[in-house]
Amino acid sequence: MNLELKKAIDQISKDKGLDRDMLVATLEEAVRTSVMRRFSEDMDIEVSYNDETGDIEIYQFKIVMEDGDVANPDMQIELSEARKHDPSVQLDDEMGFRVRVEDLGRIAAQSAKQVIIQRMRDAEQEIIYNEYKDRVGEIVSGIVQRRDKGGWVVNLGRTEAILPREEQIPREHYKRGDRVQALIIEVRSEGRGPQVVISRAHRDYMAALFRREVPEVDDGVVQFMGVARDPGSRAKVAVLSRERDVDPVGACVGVRGSRIQNIVQELHGERIDIVVWSPDIATYARNALAPALVSRIVVDEEENLLEVIVPDDQLTNAIGRKGQNVKLAARLLGWKVDIFTETRYNEINAIGHGLEQVASVAEIPIEAMLAAGYSSLDKLRTASDEELADKLTISAARIADLRSAINFLAPVVEDEPESSAVGVFKHTTEDISNREENGGSKTEDAKV
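All values derive from a computational prediction rather than experimental measurement. (Residues numbered from 1 in each chain as written. Predicted model: local features only at pLDDT ≥ 70, side-chain atom pairs only at ≥ 80, totals over all residues. Heavy atoms only, no water.)

**Focus: the overall build of the chain**
In step 1: Of regular secondary structure, the chain possesses 17 helices and 16 strands.
In step 2: Accessible surface, the chain as shown: approximately 25500 Å² in total, 46% of it carbon and sulfur. (Helix = DSSP H or I, 4+ residues; strand = E, 2+ residues; numbered from the N terminus. Areas by Shrake-Rupley, 256 points an atom, 1.4 Å probe, with all protein chains shown as cover.)

Structural data, given as structure tokens:
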């Protein structure tokens, strides 16, 4: 009995979590391949594993032929030779002959061993891949093992995962032996084995943490409607309650902030704003821009644009440090957001309306007027006739019409000091991003 082989199969199946029948089939196929390599590719071989004794039984099959008609001795046998083994055999019968494993030789046995090891490794990798591909979106915990060119390699137990640099929280530092938890975001099937990619910066990681810490989120009573993150610094999450008597914000915060503090601690101090979602985009935007107070919101659905008007003293709160508040709000909303102070918004609308009327009377495209530098009625009023004729390319009659229209819209002409109101009143998310790229500040000081 080959009990050692039987014990080895049982042990491998248990330790590696591999199907025992698959291991037996792999062993049989490996032995069959080695026999054919050792003797001939033409051989008709059948290999079977005896589960009771642990022995491998090998049989070679040959067709009985007339004496002298044998063309391939590996597949055929003469009738006279066949009858030495079985007197009752007839032509065209198929006879099986036992092949001793010892006859394989050392090289063939080693080859069989290598095939078995490779097949088991492939089977183990396939099992690991199938296991982890179904766990995408799940939080896992592991031990930091080593630094890789693409990030950190984390030991998850049965396999290793990669935590790429771009999926790490900025300013977090790791060393070997640190325990870290992250979200599985991708599982790739590669030649060297399954590649599990994990992330701590992904927005879904925060959602997964809330599912773990807040039972109402896990059972669907409180639903996550959106997440926008600046990893390691600040985040905004939008939530909605499916039951009237459940406060979504209160559920996420927990008693004395116990639930959200666990999440903040895991994210190393990342500040989290919890926003109540609303189907009304204006209401949703007010919530998303908190803690800033919003006076009113103009919705432009065609341009997917929100014009948000805030009190003059709320501009800094609305924009946030380094433009963070408005950028996260815009990302959460999925809309472009322009921020105006009340003063500037009123001026723009009043001046813009006046310019349009003057341009219409003088039959000048307002775009041409703005391109020439005339962005206000005052600038048009103070320009000389020669300057207007040169920059706008218009006749004296048109200039007269233009001045009549200006006097009609703003008849009182007095020299007044310029307003000392804040000069920068409109901030768009694009403006903030551009200033960031150019190394400038995200907010500007008050100017005359």
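**Some remarks on the sheet that holds strand S11 (residues 234-241)**
Hydrogen bonds between backbone atoms are what pair the strands of a sheet, whose relative direction is either parallel or antiparallel.
In step 1: Pairing is mixed across the open sheet formed by three strands, whose spatial order is S10-S11-S12. Where the open sheet ends on each side, the last strands, each with one partner, are strand S10 (222-230) and strand S12 (271-276). Adjacent strand axes in the sheet meet at a mean angle of 20°, parallel and antiparallel pairs treated alike.
In step 2: Note: S11 against S12, six bridges, orientation parallel. Among the inter-strand pairings, Ala-238 is bridged to a residue of S12, identified as Val-275.
In step 3: Sheet strands touched by helix H5 (residues 203-213): S10, S11 and S12. Its angle to S10, the strand with the most contacts, is close to 140°. (Pairing = 2+ DSSP bridges. Axes fitted to C-alpha atoms, helices over the stretch in contact; angles between N-to-C directions. Contact = heavy atoms within 4.5 Å.)

**A few points about the pattern of salt bridges**
When their charged atoms lie close together, side chains carrying opposite charge are able to pair.
In step 1: Scanning all chains against the criterion turns up 19 salt bridges.
In step 2: Salt-bridge contacts for Glu-131 lead to Arg-135; the nearest nitrogen and oxygen are separated by 3.4 Å.
In step 3: Arg-135 sits in the partly exposed class, given a relative accessible area of 21%.
In step 4: Asp-273 is the partner of Arg-271 in a salt bridge, and the nearest nitrogen-oxygen pair spans 3.6 Å.
In step 5: For Asp-273, a relative accessible area of 13% corresponds to the buried category.
In step 6: Linked by salt bridges that have partners in common, Glu-131, Arg-135, Glu-138 and Arg-158 make up one network. (Salt bridge = Lys/Arg side-chain N within 4 Å of Asp/Glu carboxyl O. Buried < 20%, exposed > 50% of the residue type's maximum accessible area, 1.4 Å probe, protein only.)

**Topic: helix H8 (residues 258-266)**
In step 1: Within H8, burial applies to Ile-260, Ile-263, Val-264 and Glu-266. Viewed along the axis of H8, the buried residues span an arc of 165°, placing them on a single side of the element.
In step 2: Residues of H8 that are buried make contact with strand S8 (179-190), H5, helix H7 (248-253) and S12.
In step 3: Immediately downstream of H8, the backbone of His-268 shows phi near 55°, a positive value. (Arc of directions from axis to C-beta.)

**Some remarks on the packing of aromatic side chains**
The geometry of two aromatic rings is summed up by the distance between their centres and the angle between their planes.
In step 1: Under the criterion given, the structure shown has three aromatic pairs.
In step 2: Each ring, one from Phe-210 and one from Phe-224, has its centre 5.1 Å from the other, and the planes form 50°; the classification is tilted. Here Phe-210 is found in helix H5, whereas its partner Phe-224 is found in strand S10, with 14 residues between them in sequence.
In step 3: A ring pair is formed by Trp-277 and Tyr-284, whose centres lie 6.2 Å apart and whose planes are at 65°; its orientation type is edge-to-face. (Phe/Tyr/Trp six-rings, centres within 6.5 Å; stacked < 30°, edge-to-face > 60°.)

**A look at the environment of Ile-169**
In step 1: Here Ile-169 is to be found in the loop between strand S7 (160-164) and S8.
In step 2: Assessed through its relative accessible area of 3%, Ile-169 is described here as buried.
In step 3: Once the C-alpha coordinates of Ile-169 and Ser-199 are considered, the two residues, 30 residues apart in sequence, prove to be 8.7 Å apart.
In step 4: For Ile-169, the residues in contact, after removing those within four places along its chain, are Tyr-174, Arg-200, Ala-201, Arg-229, Pro-231, Gly-232 and Leu-267.

**A short note on the nonpolar core**
In step 1: Residues Leu-306, Val-308, Leu-333, Val-337 and Ile-339 are the most contacted members of the largest nonpolar core, which totals 27 residues.
In step 2: Secondary-structure elements contributing two or more residues to this core are helix H9 (281-288), strand S14 (305-310), helix H10 (315-319), helix H11 (324-333) and strand S15 (336-341).
In step 3: Those residues within four positions of Leu-333 in sequence are excluded, and the remaining contacts are Ile-281, Tyr-284, Ala-285, Ala-288 and Leu-306.
In step 4: Judged by nonpolar contacts, the second largest core, of 26 residues, contains Ala-207, Ala-208, Val-239 and Val-246. (Core = buried A, V, L, I, M, F, W, Y, C linked by side-chain atoms within 4.5 Å.)

**Examining the pairing of strand S6 (residues 151-155)**
A regular strand carries its side chains on alternate faces of the sheet.
In step 1: Most of S6 is tucked away: four of the five residues are buried.
In step 2: The pairing of strand S5 (residues 139-148) with S6 spans five bridges and is antiparallel. Each bridged residue has a counterpart across the sheet, and for Asp-148 the counterpart in S6 is Gly-151.
In step 3: Here S5 folds back onto S6 in antiparallel fashion, the turn holding two residues.
In step 4: Note that S6 and S7 share five bridges and pair antiparallel. Paired with Gly-151 across the strands is Pro-164, a residue of S7.
In step 5: Here S6 folds back onto S7 in antiparallel fashion, the turn holding four residues, of which Gly-157 has a positive phi close to 110°.

**Quick look at the side chain of Asn-325**
In step 1: Here Asn-325 is to be found in helix H11.
In step 2: The exposure class of Asn-325 is buried, given its relative accessible area of 0%.
In step 3: Side-chain polar atoms of Asn-325 contact the side chain of Lys-236, separated by 3.0 Å. (Polar contact = N/O pair within 3.5 Å; in protein donor to acceptor, adjacent residues only side chain to side chain.)

**Here's the deal with a negative patch on the surface**
In step 1: Taken together, the side chains of Glu-66, Asp-67, Asp-69, Glu-78, Asp-86, Asp-92 and Asp-93 present a region of like negative charge at the surface.
In step 2: Counting through the fold element by element, Asp-93 comes out in the loop between helix H3 (79-85) and strand S4 (94-99).
In step 3: Judged by its relative accessible area of 31%, Asp-93 falls in the partly exposed class. (Patch = residues over 30% accessible without salt bridge, like charges linked within 9 Å, V, L, I, M, F, W, Y side chains within 5 Å. Lys, Arg positive; Asp, Glu negative; His and termini not counted. Charge placed at Lys NZ, Arg CZ, Asp CG, Glu CD.)

**Focus: the pairing of S8**
In step 1: Judged from the five bridges that link them, S5 and S8 form a sheet pairing that is antiparallel. Of the residues in S8, the one forming a bridge with Gly-142 is Val-180.
In step 2: Direction of pairing for S8 relative to strand S9 (residues 193-199): antiparallel, over a ladder of seven bridges. Pairing of Arg-188 across the sheet is with Gln-195, part of S9.

**Here's the deal with unusual backbone geometry**
Residues apart from glycine generally show negative phi values, whereas peptide bonds are mostly found in trans.
In step 1: A cis amide bond links Ala-290 to the next residue, Pro-291, at an omega of 15°.
In step 2: Inspection of the secondary structure assignment puts Pro-291 in the loop between H9 and strand S13 (296-300).

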